[in-house]
Protein chains: 2
Amino acid sequence: MIGCGTVGGGVARLLSEQGAEYARRLGRRVELRRVLVRRAERAVRESGLEASLVTQDVGAFFATPGLDVVVEVAGGVSEVGELVKRSLETGRSVVTANKALLAARGAELFALAKRRGVAVAFEASCGGGIPLVTATQFGMMANRIDDLYGILNGTCNFILTQMTRSGKSYGQALAEAQALGYAEADPAMDVSGRDAAQKLVVLASLAFGARLEESDVWCEGIDRLELADLRFGAELGYDIKLLAIAERRAGGLSLRVHPCFVPAESMIAQVHGSFNAVSLYGHAAGHIMCYGRGAGRMPTASAVVSDLLNVASGWYAKAFGGMNLWADGQARPVIMAAEELVCRYYIRLNALDRPGVMAKVAAVLGEAGVSLSGIIQHEASAGAFVPLAITTHDARQGDVLPALKRIEGLDVIEGRPVCIRIVEPPAG
Amino acid sequence: MIGCGTVGGGVARLLSEQGAEYARRLGRRVELRRVLVRRAERAVRESGLEASLVTQDVGAFFATPGLDVVVEVAGGVSEVGELVKRSLETGRSVVTANKALLAARGAELFALAKRRGVAVAFEASCGGGIPLVTATQFGMMANRIDDLYGILNGTCNFILTQMTRSGKSYGQALAEAQALGYAEADPAMDVSGRDAAQKLVVLASLAFGARLEESDVWCEGIDRLELADLRFGAELGYDIKLLAIAERRAGGLSLRVHPCFVPAESMIAQVHGSFNAVSLYGHAAGHIMCYGRGAGRMPTASAVVSDLLNVASGWYAKAFGGMNLWADGQARPVIMAAEELVCRYYIRLNALDRPGVMAKVAAVLGEAGVSLSGIIQHEASAGAFVPLAITTHDARQGDVLPALKRIEGLDVIEGRPVCIRIVEPPAG
């Protein structure tokens, strides 16, 4: 095993507590032979592992007798990527939880594994303990998948649930997530949507059989969401979720992560707190949703060890060899430009409370070809500016965003218009 | 392929429409070589298959050149069971959608397949297009699973949704299900819970690694549910679902199918209409739920063809060989007696509207050791009898049911008390 932090500790615990049961199921023992870490002394102290198991010496690690499979739970891309490469080059299959590594170097690593006749197993890289990769890769094999909508970051979903259900501000909810250990001290990877984008690259590569990269995903985080908009959304029948979306359309693949208003009664809106879920739409199977704990020590360890057992039982390498994911020579797909995205929009403006304002706003939207579907303006309390919430019919992002820039410039409007996309996953 | 009805037609369609794509993914072609049916002429007329593909002759079927895999979508147990046996005996792997066959003869067929070095694939036997078997068997491999709660019959869920949401009676909702093709002319297999019980045998065998039989499942259908109780349930914060439940407890395995009041905000309560879902609780992964279309031509065909492709790609037989399901020599588990089931109960009585009635009822329950948690009695409109809804704390079924018999005998009670179990799947 490379790394021995939160997830690594969980893996070690499962292998020690359930080792006999796993041996009974597999007909062979799976044992932790050596753990490679940066600081051996500290790892021994914190993990409780026997000192003889732990090493900082890369050479000693790869010389370990009986090292058949390398479990990578260290994280990071460049240094760990080289260790993963060396594992594959020396004929070891790799089990990894590292979505950043796969999003950046998946194609290279998969090709190397296939050349060497070994496998990369990566169930833990997306959705923690949810068997998403297994379900998509093997259980949906007969399907052409055209739509994928996922809640892939538990930190963001926890924050949004707290904002919606307890009326907390973004800052308060984030602080609570940090206090509970759901969010890192530096929450940027989570709240920017980048963590979800990396997972989307892995899952959409699998679902669409396409060679995708992180830069294919257009990304907007949750850190600028305001309670006022969540309340307007609720009034309109929507709940807020950070969705990772992959859609196959005539113009190409659309890959994006952004806050979405989803119908409050839709299945994906029922996913609360730190839970994750992914809705897939197969042309034959219809709508499938998998739900569960997307992070945390034991759920992620569950996925890592399940992969490890599937590799150890011998079938996975055979399945991997025939996998059409990040395959050598696969052409890069056409990625739809963000401007071409067509969806409904929620727009909130702070407008001067005087006659003619709505006419000006409507004129700008009309000229841009954006047609209105609904408007909410509550009886003004006091103050010159009142919030005005507008929903549109389907519109091109490339038409909506420039129109909002023009609206921002109107003298009757204060501040920057808020814009949240409305996404309605089919019931299916 | 054996059989060519609704699902068989879907399988033929997928293989013909997606054949080139499957060949690209697998590196080999999967072709429908021969279809065995009871009445060839009719099958050709109804399926549109070429006449040369269709035969009624069992000998000719098994003599088909290049017959590597047999897909069984005919249904039934004895006759089809012999054909499946013959397929395995002659070295063909079998893909089956037949839960009745597996619930009755799974152990025998699995043992035979293992002896012959071939495989039985059965994703389509439970939950239609939902990749439940794949997710449970491979994706949850590292887990000890102790709890499984499933909505496994779309017909019943459709009927219950219609009753709850549209206020239709059981009879009206059933008639609607029949008109829409969701329910058979003879709905007994569905509404009695037996279809769900057979699926539960397959899934729980897999999740618990135990050798189970249909007679291990205690079963109560939905055909006596009344709207009045669903309304009381809603008032108490519950939704009604027919759940297939498997729990591993100190006293043994509890396997049962019955109508349940579940908390309206729980994840399983969000499953409406003809959709199915299964919640599994892994000791490491925690709560996982898989949701989707549990029946229908194309969703079921999706599962059958996914299995077929996994068999054709070569890995599945290897995985099956190591599968610890219905294994030879596996001991039969201890099945908990229905009387030992402990849960909360909803009880509804028609009581004479006069002083002292509640005292009599409470006395009977108290003597049986059943403790009350809540009571609803609405202001009486007119009439001598008024409905009285009671909820209990956790109680033994073996204490509750005899107490209800005694209550039924009280002269202040009219008719048979209604009893619905309250089940609260952990958020997990």
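Here, the structure is the one placed above.
Note that the structure is predicted; figures quoted are calculated from it, not measured.

**Quick word on the overall build of chain A**
- When you go through chain A residue by residue, the secondary structure sums to 16 helices and 16 strands.
- Its C-alpha atoms give chain A a radius of gyration of 24 Å, near enough to 22 Å, the size a compact globule of 428 residues would have.
- If one aligns the C-alpha atoms of chain A with their principal axes, the spans along those axes are about 80 × 45 × 35 Å.
- By the burial criterion, 60% of the 428 residues in chain A qualify as buried.
- Pairs at least 24 apart in sequence give 73% of the contacts found in chain A among residues at least 6 apart.
- On chain A, roughly 16,200 Å² of surface is accessible, and the fraction owed to carbon and sulfur atoms is 49%.

**Overview of the sheet that holds strand E3 (residues 69–72) of chain B**
All names here are of chain B.
- Strand order in the open sheet formed by three strands is E3-E4-E5, and the pairing between neighbours is parallel. Edge positions in the sheet fall to E3 and strand E5 (120–121), since each of these pairs with one other strand and no more.
- Of the strand pairs in this sheet, E3 and strand E4 (residues 93–96) are connected by four bridges, and their pairing is parallel. Across the sheet, the residue bridging to Val71 is Val95, located in E4.

**Some remarks on the side chain of Arg256(B)**
All names here are of chain B.
- Here Arg256 is to be found in strand E9 (residues 252–263).
- A distance of 3.0 Å separates the side chain of Arg256 from the side chain of Ser254, its partner in a polar contact.
- Separated by 3.0 Å, the side chains of Arg256 and His258 make a polar contact.
- Other than its neighbours up to four places away in sequence, Arg256 contacts Leu200, Val217, Trp218, Leu243, Ala244, Ile245, Glu247, Leu341 and Val423.

**Considerations on the interface of chain B and chain A**
- Opposite the 47 residues of chain B that make contact, chain A presents 47 residues.
- The contact between chain B and chain A buries some 4,200 Å² in all, and 60% of this surface belongs to carbon and sulfur atoms.
- At the junction of chain B and chain A, the tally comes to zero salt bridges.
- At the surface where chain B touches chain A, the tally comes to 20 residue pairs in polar contact (both at pLDDT 80 or more).
- Elements represented by at least two residues in the side of chain B that touches chain A include exactly helix H2 (19–26), helix H7 (132–139), strand E11 (286–293), helix H13 (297–312) and helix H14 (315–321) of chain B.

**Section: the pattern of salt bridges**
- Taken as a whole and judged by the stated rule, the model has 58 salt bridges over all chains.
- In this structure, Arg25(A) and Glu21(A) form a salt bridge, with 3.0 Å as the shortest nitrogen-oxygen distance. In this pair, Arg25(A) and Glu21(A) both sit in helix H2 (residues 19–26), four residues apart, roughly one turn of the helix.
- Owing to a relative accessible area of 25%, Glu21(A) belongs among the partly exposed residues under this scheme.
- In this structure, Glu176(B) and Lys168(B) form a salt bridge, with 2.7 Å as the shortest nitrogen-oxygen distance.
- We classify Glu176(B) as partly exposed; its relative accessible area is 24%.
- By sharing partners, the salt bridges in this structure join Glu82(A), Lys85(A), Arg105(A) and Glu108(A) into a single network.

**Concerning the relation of the copies chain B and chain A**
- Relative to chain A, chain B is turned by 180° and slid 0.0 Å along the rotation axis, the superposed coordinates differing by an RMSD of 0.0 Å. The relationship between the two copies is best expressed as a two-fold rotation axis. Among all C-alpha atoms of chain B, that of Cys290(B) lies closest to the rotation axis, at 2.3 Å.

**Examining helix H5 (residues 78–89) of chain A**
Residues and elements named next belong to chain A.
- Compared with an ideal rise of 1.5 Å per residue, which puts 12 residues at 16 Å, H5 spans 16 Å between its outermost C-alpha atoms and is within 8% of the ideal.
- For H5, every residue scored as buried is listed here: Val80, Gly81, Leu83, Val84, Ser87 and Leu88. Buried residues along H5 cover an arc of 160° about the axis, so they all sit on one side.
- Backbone geometry just downstream of H5 places Gly91 in the positive-phi region, at approximately 80°.

**So, H7(B)**
- Judged by how many residues are buried, H7(B) sits mostly within the fold: eight of eight residues are covered.
- For H7(B), the set of buried residues is Leu132(B), Val133(B), Thr134(B), Ala135(B), Thr136(B), Gln137(B), Phe138(B) and Gly139(B).

**A look at the environment of Ser87(A)**
Residue and element names in this part refer to chain A.
- With respect to the secondary-structure elements, Ser87 resides in helix H5.
- Of the residues examined, Ser87 reaches a relative accessible area of 0% and is grouped as buried.
- Separated by 25 residues in sequence, Ser87 and Phe62 have C-alpha atoms that sit 7.7 Å apart.
- Every residue in contact with Ser87, bar those within four places of it in the chain, is listed here: Phe62, Val70, Arg92 and Val94.

**Quick look at the packing of aromatic side chains**
- Across all of its chains, the model carries 25 aromatic pairs over all chains by this definition.
- Plain terms: the ring middles of Trp315(A) and Trp315(B) are 4.4 Å apart, the flat faces sit at 25° to each other, and that makes the pair stacked. Of the two residues, Trp315(A) is situated in helix H14 (residues 315–321) and Trp315(B) in helix H14; the pairing between them involves two chains. Per residue, the accessibility class of Trp315(A) equals that of Trp315(B), and both read buried.
- When the centroid spacing of 5.1 Å and the interplanar angle of 55° are considered together, the rings of Phe110(B) and Phe320(B) count as tilted. Note that Phe110(B) is positioned in helix H6 (residues 99–116) and Phe320(B) in helix H14, a separation of 210 residues in sequence. As far as the burial class goes, Phe110(B) and Phe320(B) line up, both buried.
- Taken together, Phe110(A), Phe122(A), Phe138(A), Trp315(A), Tyr316(A), Phe320(A), Phe110(B), Phe122(B), Phe138(B), Trp315(B), Tyr316(B) and Phe320(B) form an aromatic cluster joined through their ring pairs.
- The lysine or arginine in question, Lys114(A), covers the ring of Phe320(A), its NZ or CZ lying 5.8 Å from the ring centre.
- Sitting over the ring of Phe208(A), Arg248(A) keeps its end group 4.9 Å from the ring centre.

**Focus on the sheet that holds strand E4 (residues 93–96) of chain A**
Residue and element names in this part refer to chain A.
- Read from one edge to the other, the open sheet built from three strands follows the order E3-E4-E5, with strand pairing classed as parallel. Looking along the sheet, the strands with just one partner apiece sit at the ends: strand E3 (69–72) and strand E5 (120–121).
- Its contacts with the sheet put helix H13 (residues 297–312) on E3, E4 and E5, and the angle it makes with E4 is roughly 160°.

**Thoughts on the environment of Glu31(A)**
All names here are of chain A.
- With respect to the helices and strands, the residue Glu31 is situated in the loop between H2 and strand E1 (35–36).
- Between the C-alpha atom of Glu31 and that of Ser16, which follows or precedes it by 15 residues, the distance is 8.2 Å.
- A polar contact of 3.2 Å, which involves the side chain of Glu31, links it to the side chain of Arg29.

**Some words on the nonpolar core**
- Grouped together as the largest cluster of nonpolar side chains are 250 residues, with contacts concentrated most on Phe122(A), Tyr316(A), Phe122(B) and Tyr316(B).
- Setting aside its immediate chain neighbours within four residues, Phe122(B) contacts Thr96(B), Leu102(B), Phe110(B), Val133(B), Val202(B), Leu206(B), Asp307(B), Tyr316(B), Met323(B) and Leu325(B).
- Of all hydrophobic cores here, the second largest spans 32 residues; its members include Ile245(A), Met267(A), Tyr281(A) and Ala277(B).

**Considering the pairing of strand E10 (residues 275–282) of chain B**
All names here are of chain B.
- Within E10, eight of the eight residues are buried, which leaves it mostly tucked inside the rest of the structure.
- Residue alternation in E10 divides its side chains into two sets, Phe275, Ala277, Ser279 and Tyr281 and Asn276, Val278, Leu280 and Gly282, and both sets are buried.
- Relative to E10, strand E6 (residues 145–151) runs antiparallel, the two being bridged by six bridges. When the bridges of E10 are listed, Ile151 appears paired with Ala277.

**Remarks on the packing of H5(A) against helix H6 (residues 99–116) of chain A**
Residues and elements named next belong to chain A.
- H6 packs onto H5 with a crossing angle of 15° between their chain directions and a minimal axis gap of 9 Å. Classified by the interaxial angle, the pair formed by H5 and H6 is roughly parallel. Relative to H6, the crossing made by H5 is right-handed. In contact with Ser78, Val80, Gly81, Glu82, Val84, Lys85, Leu88 and Glu89 of H5, H6 contributes Leu101, Arg105, Glu108, Leu109, Leu112, Ala113 and Arg116.
- Among the residues making up the contact of H5 with H6, the classes are represented as seven nonpolar, two polar and six charged.

**Describing the packing of H6(A) against helix H11 (residues 194–208) of chain A**
All names here are of chain A.
- Close contact between H6 and H11 brings their axes to 8 Å; oriented N to C, the two are set at 55°. Between H6 and H11, the angle falls in the class oblique. In this structure, H6 crosses over H11, and the sense of that crossing is left-handed. Contacts between H6 and H11 involve Lys99, Ala100, Leu102 and Ala103 on the former and, on the latter, Asp195, Gln198, Lys199, Val201 and Val202.
- Considered class by class, the residues forming the contact of H6 with H11 number five nonpolar, one polar and three charged.

What counts, and where the lines are drawn
- Residues numbered from 1 in each chain as written.
- Chains lettered and ligands numbered in written order.
- Predicted model: local features only at pLDDT ≥ 70, side-chain atom pairs only at ≥ 80, totals over all residues.
- Heavy atoms only, no water.
- Helix = DSSP H or I, 4+ residues; strand = E, 2+ residues; numbered from the N terminus.
- Rg over C-alpha atoms; globule rule 2.2 N^0.38 Å.
- Buried < 20%, exposed > 50% of the residue type's maximum accessible area, 1.4 Å probe, protein only.
- Contact = heavy atoms within 4.5 Å.
- Areas by Shrake-Rupley, 256 points an atom, 1.4 Å probe, with all protein chains shown as cover.
- Pairing = 2+ DSSP bridges.
- Polar contact = N/O pair within 3.5 Å; in protein donor to acceptor, adjacent residues only side chain to side chain.
- Buried area = accessible area lost by both parts, 1.4 Å probe.
- Salt bridge = Lys/Arg side-chain N within 4 Å of Asp/Glu carboxyl O.
- Least-squares fit on C-alpha atoms with pLDDT ≥ 70 in both.
- Expected span 1.5 Å × (residues − 1).
- Arc of directions from axis to C-beta.
- Phe/Tyr/Trp six-rings, centres within 6.5 Å; stacked < 30°, edge-to-face > 60°.
- Lys NZ or Arg CZ within 6 Å of the ring centre and 35° of its normal.
- Axes fitted to C-alpha atoms, helices over the stretch in contact; angles between N-to-C directions.
- Core = buried A, V, L, I, M, F, W, Y, C linked by side-chain atoms within 4.5 Å.
- Parallel < 35°, antiparallel > 145°, perpendicular 65-115°, else oblique.
- Left-handed = near helix turned anticlockwise from the far one by under 90°.
- Nonpolar A, V, L, I, M, F, W, Y, C, P; charged D, E, K, R; others polar.

Read these as geometric descriptors, not functional statements.
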